Amino acid sequence: MIENDTGRKLAVLVCIWAALLLAPYWMPPLGGYTALGTRVLILGLAAMSVNFLLGFTGVLSFGHAAYFGLGAYGAGLSLKYLAPSTPISLLMGMLLGGLAGAILGMLIVRRRGVYFAMVTIAFGQVFYYIAFQWSSLTGGDDGLRGFSRQPLDLGFFSIDILSNADNFYFFVLFCFAIVVAVMGFILRSPFGRTMLAIRENERRARFLGIPVERHIWIVFTASCFFMGFAGALYALLNNFADPKGLHFSQSGDFVMMAVMGGMRSFWGPLLGAAVFVVLQDYLSSVTVNWMSFVGLLFVLVVLFFPRGLLGVVRRKLVS
Amino acid sequence: MLQLLLFNVTNGLIIGAFYVLMALGLSLILNLSNVINFAHGGFLVVGGYIAYTITPYVGFWGALLIAPPLTAIIGLATERVLIRPLYGRDPLYSLLLTFGLAFIFEDGTRFIWGAQGKPVTVPAILAQPLSYEFFFITGYRLFMVVTVALAVAVLFVLLRYTRLGIRIRAGTLDLETVSALGVNVGMLRSLNFAAGIFLAGLSGVLAAGQLGLEPTMGAGLLMPSFIAIIVGGVGSLTGTLLGGLLIGVASGVTAVFLPAASEAIMYVLMAVVLLIRPRGLLGEEGMMT
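Residues numbered from 1 in each chain as written. Chains lettered and ligands numbered in written order. Predicted model: local features only at pLDDT ≥ 70, side-chain atom pairs only at ≥ 80, totals over all residues.

A. Structural detail: the overall build of chain A. Regarding its fold elements, chain A presents 15 helices and 2 strands. In terms of overall size, chain A behaves like a compact globule, its C-alpha atoms giving a radius of gyration of 19 Å where 319 residues would be expected to give roughly 20 Å. In terms of principal-axis extent, the alpha carbons of chain A reach across some 50 × 50 × 45 Å. Counting over 319 residues, chain A shows a buried share of 47%. Sequence-distant contacts, at least 24 apart, represent 73% of the contacts inside chain A between residues at least 6 apart. (Helix = DSSP H or I, 4+ residues; strand = E, 2+ residues; numbered from the N terminus. Rg over C-alpha atoms; globule rule 2.2 N^0.38 Å. Buried ≥ 20, exposed ≤ 12 C-beta atoms within 10 Å, placed from the backbone. Contact = placed C-beta atoms within 7 Å.)

In structure tokens form, the structure reads like this:
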């Protein structure tokens, strides 16, 4: 039985990675385009970062878009003013998002439940507000422009990720794989088990001598680093950083992706992001009232699929 | 300078009073039902637009009386159909649901009334300034403050002295015990939700007279209300009252010296409060923290 389970998990993993690796080849015939696949991958990574905190530690941050947006601005500003290098911009974006999260995290880790959610929303808006107001640096409402991702220079040859969409997709997939591997590694470690313990019963974890606040702070900070990284990739994808990427409605989208795909599963948020992005892309092309439909989607998922798509599948498999 | 300062403090108090009205509605719902009502701004906008629609028939005063209860009825229906099934679950779900509702409200009002801003005419008696020296204290602003003060007083009296109010306060502390004592908790939550939405509707009518109406205005007014609740302390209505006035005055005073930071000061205030007194000014430790 256990062997069977491991076998199935392995088969699922192979399928996921095969689908991701071959996406530039199977997406266009189905009516998609490669940049859409790249967007799914990046937003999926962001949703997985949110879920790293929400699904595995049980802490609801509703302001994570702030760190995503900070990552985007960090990457954009680095490319524009610091150095025309893609890896450096990714690093700067990740650092900006992660460090901001680390500092704010100290202020908020002692709050719980709805209080935590409210404080994260409010603090997230601070960055939106700064990006909006400080227009000499960030471009304000119009967003940050005037930078573009640079070819990857590997010494003996360089890869053009700017004009070749497929190359950029594979570059993003490579980054995605690294971050996902780090996440998976943390979750499998004793620290990851402790995260689950906190999620399941915080009081008991505390009685066992686990420094719950410190653990939550570490997880929060880690997820902000992941988020900043995803945001930096997003800025590279669009060659543009937008204050809307920091807004709490973007945070809501990320949480929605995680819930829609299945909060309790590792890959669920990626599936949720895929469905969400494709649906939004389609709806905004066919109706001006797409906002209502997205809102309706929120309501329907909450009322009828609170476990998410993978949760439903898993339940079917068990019964 | 003094006049400028006075102008901005008054202005801040008036804006603060407005935040208070909105935040109290949010706070009521949050305290009893543990629901962060993201659609509160949406209900506010709906209230404003209802007032706009019925003003030609019943006048401003009629709209002031009719629009808030109508909004409360919409709120009641929403609570019954959509939010009630979520009470037993993680607060995440009601948060996401009301978040989606906010989208629907914004898009719906745009669909029905158009994206263009709509002005609401206030009665002439309220539109004129009361004194030429202090030109900024218009009748309408005074009227707003008086209305808010009245609404807050009525709310606090109801909570203090009526059976329903006592049950709501008791339920905030321990809903399970209240339920065990034979109180219909579902009904209590519905009425409490409707009361919160009533305040949102009233805020909407008042905002319509001062700011005009736009489908997107709800989202912008939501964040200061959140901050008011956090600064005042989750779980305490008096705290919310204090928090709202405080951030209003703080942003009013800041507007004198550093206009660009007049909104940022609210966040700074929140960060300082969380650093020094994590539970908020009047919040009690252990209450939903």
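B. Highlighting unusual backbone geometry. Non-glycine residue Asn 239 of chain A carries a positive phi angle of around 50°. Residue class for Asn 239 of chain A comes out partly exposed when judged on the 15 C-beta atoms lying within 10 Å of it. The backbone phi angle of Asn 34 of chain B is positive, close to 60°, even though this residue is not glycine. Locating Asn 34 of chain B in the fold gives a position in the loop between α1 (2-33) and α2 (40-83).

C. Up close: the packing of helix α10 (residues 237-257) of chain B against helix α11 (residues 264-276) of chain B. Residues and elements named next belong to chain B. α11 packs onto α10 with a crossing angle of 130° between their chain directions and a minimal axis gap of 8 Å. In terms of their interaxial angle, α10 and α11 are classed as oblique. Note on packing geometry: the crossing formed by α10 with α11 is right-handed. The residues of α11 that touch α10, namely those facing Leu 246, Ile 247, Ala 250, Ser 251 and Thr 254, are Ile 265, Met 266 and Leu 269. (Axes fitted to C-alpha atoms, helices over the stretch in contact; angles between N-to-C directions. Parallel < 35°, antiparallel > 145°, perpendicular 65-115°, else oblique. Left-handed = near helix turned anticlockwise from the far one by under 90°.)

D. Seen up close, the interface of chain B and chain A. Facing 39 residues of chain B, the contacting portion of chain A comprises 33 residues. Secondary structure elements with two or more residues in the side of chain B that touches chain A: α3 (91-113), α9 (217-232) and α11 of chain B. The element that contributes the greatest number of residues to the side of chain B that touches chain A is α3 of chain B, accounting for 15 residues. Considering only residue class, the side of chain B that touches chain A consists of 31 nonpolar, 4 polar and 4 charged. (Nonpolar A, V, L, I, M, F, W, Y, C, P; charged D, E, K, R; others polar.)

E. A look at α1 of chain B. All names here are of chain B. In this model α1 runs 45 Å from its N-terminal to its C-terminal C-alpha over 32 residues, within 8% of the 46 Å that 1.5 Å per residue would give. Among the 32 residues that make up α1, 23 are buried, leaving the element largely enclosed by the rest of the structure. Where α1 terminates, the next one or two residues include Asn 34, which has phi positive at roughly 60°. (Expected span 1.5 Å × (residues − 1).)

F. Spatial organisation of the environment of Ala 194 of chain B. Residues and elements named next belong to chain B. On the secondary structure map, Ala 194 appears in helix α8 (residues 185-211). Classification of Ala 194 by C-beta neighbours within 10 Å gives buried; the count is 22. Other than its neighbours up to four places away in sequence, Ala 194 contacts Ala 72, Gly 75 and Leu 76.

G. Seen up close, the environment of Leu 65 of chain B. Tracing the chain through its elements places Leu 65 of chain B in helix α2. With 13 C-beta atoms packed within 10 Å, Leu 65 of chain B lands in the partly exposed category.

H. Summary view of the nonpolar core. One finds Met 118 and Ala 122 of chain A together with Phe 18 and Leu 96 of chain B to be the most contacted residues of the largest nonpolar core, which totals 183 residues. Among the elements that line this core, the one with the most residues is helix α11 (residues 212-238) of chain A, at 17 residues. (Core = buried A, V, L, I, M, F, W, Y, C linked by C-beta atoms within 7 Å.)

I. Spatial organisation of the packing of helix α4 (residues 65-82) of chain A against helix α5 (residues 86-108) of chain A. Residues and elements named next belong to chain A. Running from N to C, α4 and α5 point in directions that differ by 140°, and their axes come no closer than 7 Å. Comparing their axes, α5 and α4 come out oblique. At the point where α4 passes α5, the crossing takes the right-handed sense. The segment α4 lies against α5, with Tyr 67, Phe 68, Leu 70, Gly 71, Ala 72, Tyr 73, Gly 74, Ala 75, Ser 78, Leu 79 and Leu 82 engaging Ile 88, Ser 89, Leu 90, Met 92, Gly 93, Met 94, Leu 95, Leu 96, Gly 97, Ala 100 and Gly 101. Of the residues in the contact of α4 with α5, the class split is 15 nonpolar, 7 polar and no charged.

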